[in-house]
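# Fold and contact review
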Amino acid sequence: MLKRRQQGQVAILTIDRSNRRNALGSELMQAFGDAFAEIDRDDGVAAVVISATPPGFCAGSDLKELATMDIAQMCAHEAETARVVRAIGFMEKPAVAAVSGFALGGGVGLAAGCDLIVTHSECRWHMPEVPNGWLPPWALASLSVRIGPVAARRLVWASEPITGAEAYDLKLADYLVPLSDVEREAIALAERLAALPRVAVASTKRFFTPLINGNAEASDMLANRIFAENCQDDASKATLRKFGMKI
Amino acid sequence: MLDVSSRGRIGVVSLNRPERRNAMDRELVTALVGAVRRLDRDPLIAAIVLRGEPPGFCAGSDLKFIGRLSLEDISRFEAETGDMARLLGCLRKPVIASVEGFALGGGFILAASCDLVVSAGTARWHLPEVPIGWLTPWGLGALISRVGAVSARKLCFASEEFDGYEAKRLGVVDHLAEPGHADEVAMALADRLAVLPAAAVVATKRFFMPDILGDAEALDIQANEAFADNCRHPVARATLERFGNR
């Protein structure tokens, strides 16, 4: 589900749900929440990398699991996912996302919740929520703060995937490396951060937190409400039925 | 003056004052407000494309028109134009600018006030207000949302004009088109938005509106006051007299 290993002072969390395209199910989010709390307390860890087993970083919400819920349960699940991802921004230690293959929907949100993002030029970045019928229920503040609200709105509307190279041009991703090097470069970056004076790294993250994550919670709450409203729309209901939801 | 048509579910609004390089006077601004409000209410329309008939998108405020007004009336006209530009961001439906030829002064800001901006790579982009004597009087909130405050200030200082490629790099423009093909790209973009679930498209625009336009009105009021003050200075007066007497 979520594997943890350690390399020097770097903790590496690897999403290992390739059978569900590394989607963000309840169990995985629980594991993430626990891991973030442990890592932030662990003096042996100075930085964290979030990576995934192939085929890709993360496909977003686990639609198969969502199909077993009603709309209210689904909104509660998305709110909890949002909370766990926001926690990354409030850890003392920097988090690096190693994004290869694809980052879809909530997968984009998970990456954007990290402090630094490494990807490769052919990586597929896509927000498929609006074509499904709804506003993405979280992560829009972290997306906006990275690329500005005008470009964030465009990505949410665009209905088209962008490449890792385009994500890098937009400053959605911070580093562009060859596919084979994504995880290694993310770890190397985390090691460089881990080698710096810890107090100064933590102060830096804390200083920027109000600017970067200041209104993330309010933004997520509002998006979740709008998401709930959109899910009552005919287009959304048709999508949810297609996924197997009984509504 | 202003042509309004529709193609499928796309409303197309064309500035058509070629003899004034599609510059805006009061009649054009009033017509534009009426047109976009009607299209926004029309249930058959899903998105709006704003474009200019050749030779270009829009040359900004019509200096010949404002040159004949009193300073108070100029300020009032510019405030109304700013209200119109903010309205584009407050409509429920997405508005896409299609820029060929040039987007100058208020025309630059008008395009940047749209939700999505398509430009020919060769189109000329320039804010010439400071060189002719005044701060750009409206729409700077929308520009700041696109490029950040530091770049927006640089653009207002206006030491140089640039092309669509540079505008794309800065974030003023979202999509580039081959010269002569901006309309095609804009219409394709509009068509793509039109087939998406309407509720989600509207929700997306509404969700981002506070971030994009939150303090735009206050900024417009502030810029308008600076503009009115600047217009009393000799360089601006000379500009206005030169154009007003043409």
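Note that residues are indexed from 1 along each chain, following the sequence as it is written. Just so you know, chain letters begin at A and ligand numbers begin at 1, following the order they were written in. Residues qualify for local features only when their pLDDT is at least 70, as the model is predicted, and side-chain atom pairs are given and counted only at 80 or more; totals for whole chains, interfaces and linings, by contrast, use all residues.

## Let's talk about the overall build of chain B
A run of DSSP states H or I qualifies as a helix once it reaches four residues; a run of E qualifies as a strand once it reaches two. Both are numbered from the N-terminal end. Per the secondary structure count, chain B includes twelve helices and nine strands. Taken over the C-alpha trace, chain B has a radius of gyration of 17 Å; the compact-globule value for 246 residues is 18 Å, and the two agree within 12%. The principal-axis extents of the C-alpha atoms in chain B amount to approximately 55 × 35 × 30 Å. Counting every position in chain B, which comprises 246 residues, the buried fraction comes to 49%. Based on C-alpha atoms, the radius of gyration is set beside the globule rule, defined as 2.2 Å times the residue count to the power 0.38. Burial is judged by counting other C-beta atoms within 10 Å of a residue's own C-beta: 20 or more means buried, 12 or fewer means exposed, and anything between counts as partly exposed, with every C-beta placed from the backbone.

## Topic: the overall build of chain A
In terms of helices and strands, chain A carries twelve helices and nine strands. The C-alpha atoms of chain A give 17 Å as radius of gyration, which agrees with the globular expectation for 247 residues (18 Å, within 12%). Projected onto its principal axes, the C-alpha coordinates of chain A cover approximately 55 × 35 × 35 Å. The buried share among the 247 residues of chain A stands at 51%.

## With respect to the interface of chain A and chain B
Tallying the contact residues gives 24 residues for chain A and 20 residues for chain B. Breaking the side of chain A that touches chain B down by element, the ones donating at least two residues are helix 5 (129–132), helix 6 (140–147), helix 7 (149–158), helix 11 (216–230) and helix 12 (234–243) of chain A. If you tally residues by element for the side of chain A that touches chain B, the top one is helix 7 of chain A, at eight residues. In this count, Pro and Cys sit with the nonpolar residues alongside Ala, Val, Leu, Ile, Met, Phe, Trp and Tyr, while Asp, Glu, Lys and Arg are called charged and the others, Gly among them, polar. For the side of chain A that touches chain B, the residue count by class is 15 nonpolar, six polar and three charged. Working definition of a contact: two residues with C-beta atoms, positioned from the backbone, lying within 7 Å.

## Some words on the sheet that holds strand 3 (residues 47–52) of chain A
All names here are of chain A. Read from one edge of the open sheet, six strands run 1-2-3-4-6-9, paired in mixed fashion. Two strands in the sheet have a free side with no partner beyond their single neighbour: strand 1 (2–7) and strand 9 (175–176). Two strands qualify as a pair provided that DSSP identifies no fewer than 2 bridges between them. Bridge count between strand 1 and strand 2 (residues 10–15): six bridges; the pairing is antiparallel. Note on strand 2: the bridge partner recorded for Arg5 is Ile12. Only the stretch in contact is used when fitting a helix axis, every axis being a line fitted to C-alpha atoms; angles between N-to-C directions are given from 0 to 180 degrees. Where helix 1 (residues 26–41) meets the sheet, it contacts strand 1, strand 2 and strand 3, and its direction lies at approximately 25 degrees from that of strand 1.

## Things to note about the packing of helix 1 (residues 26–41) of chain B against helix 3 (residues 71–90) of chain B
The packing of two helices is summarised by the inter-axis angle and the distance between the axes. Residue and element names in this part refer to chain B. Viewed as axis vectors pointing N to C, helix 1 and helix 3 meet at an angle of 25 degrees, and their least axial separation amounts to 10 Å. With respect to their mutual orientation, helix 1 and helix 3 come out roughly parallel. Both helix 1 and helix 3 take part in a crossing whose hand is left-handed. Residues Arg26, Val29, Leu32, Val33 and Val36 of helix 1 form the contact with helix 3, whose participating residues are Phe77, Glu80, Thr81, Met84, Leu87 and Leu88. Taken together, the residues of the contact of helix 1 with helix 3 sort by class into eight nonpolar, one polar and two charged. Roughly parallel means an angle under 35 degrees; roughly antiparallel, over 145; roughly perpendicular, 65 to 115; everything else is oblique. By convention, the crossing between two helices is left-handed when the near helix turns anticlockwise from the far helix through less than a right angle, and right-handed when the turn is clockwise.

## Details of the environment of B:Ala216
Within the secondary structure, B:Ala216 sits in helix 11 (residues 216–230). Apart from residues lying up to four places away in sequence, B:Ala216 is in contact with B:Arg86, B:Gly141 and B:Ala142.

## A few points about helix 12 of chain A
All names here are of chain A. Regarding helix 12, the residues found buried are Ser236, Thr239 and Leu240. Projected down its long axis, helix 12 shows its buried positions confined to an angular sector of 95 degrees, all on one face. Residues Asp234, Ala238, Arg241 and Lys242 are exposed on helix 12 and point more than 90 degrees away from its buried face. Structurally, helix 12 contributes buried residues whose contacts are with helix 5 and helix 11. Of the residues one or two after helix 12, Gly244 is the one with positive phi, at around 110 degrees. When we speak of the arc, we mean the arc of directions from the helix axis to the C-beta atoms.

## Remarks on unusual backbone geometry
In this chain, A:Pro54 is followed by A:Pro55 through a cis amide linkage whose omega measures 15 degrees. As for its position among the elements, A:Pro55 is in the loop between strand 3 and helix 2 (63–66). In this structure, B:Pro55 follows B:Pro54 across a cis peptide bond, with omega equal to 20 degrees. Positionally, B:Pro55 belongs in the loop between strand 3 (47–52) and helix 2 (63–66). Notably, A:Arg21 is not glycine yet its phi reads approximately 50 degrees, a positive angle.

Spatial relationships are all this shows, so hold off on functional conclusions.
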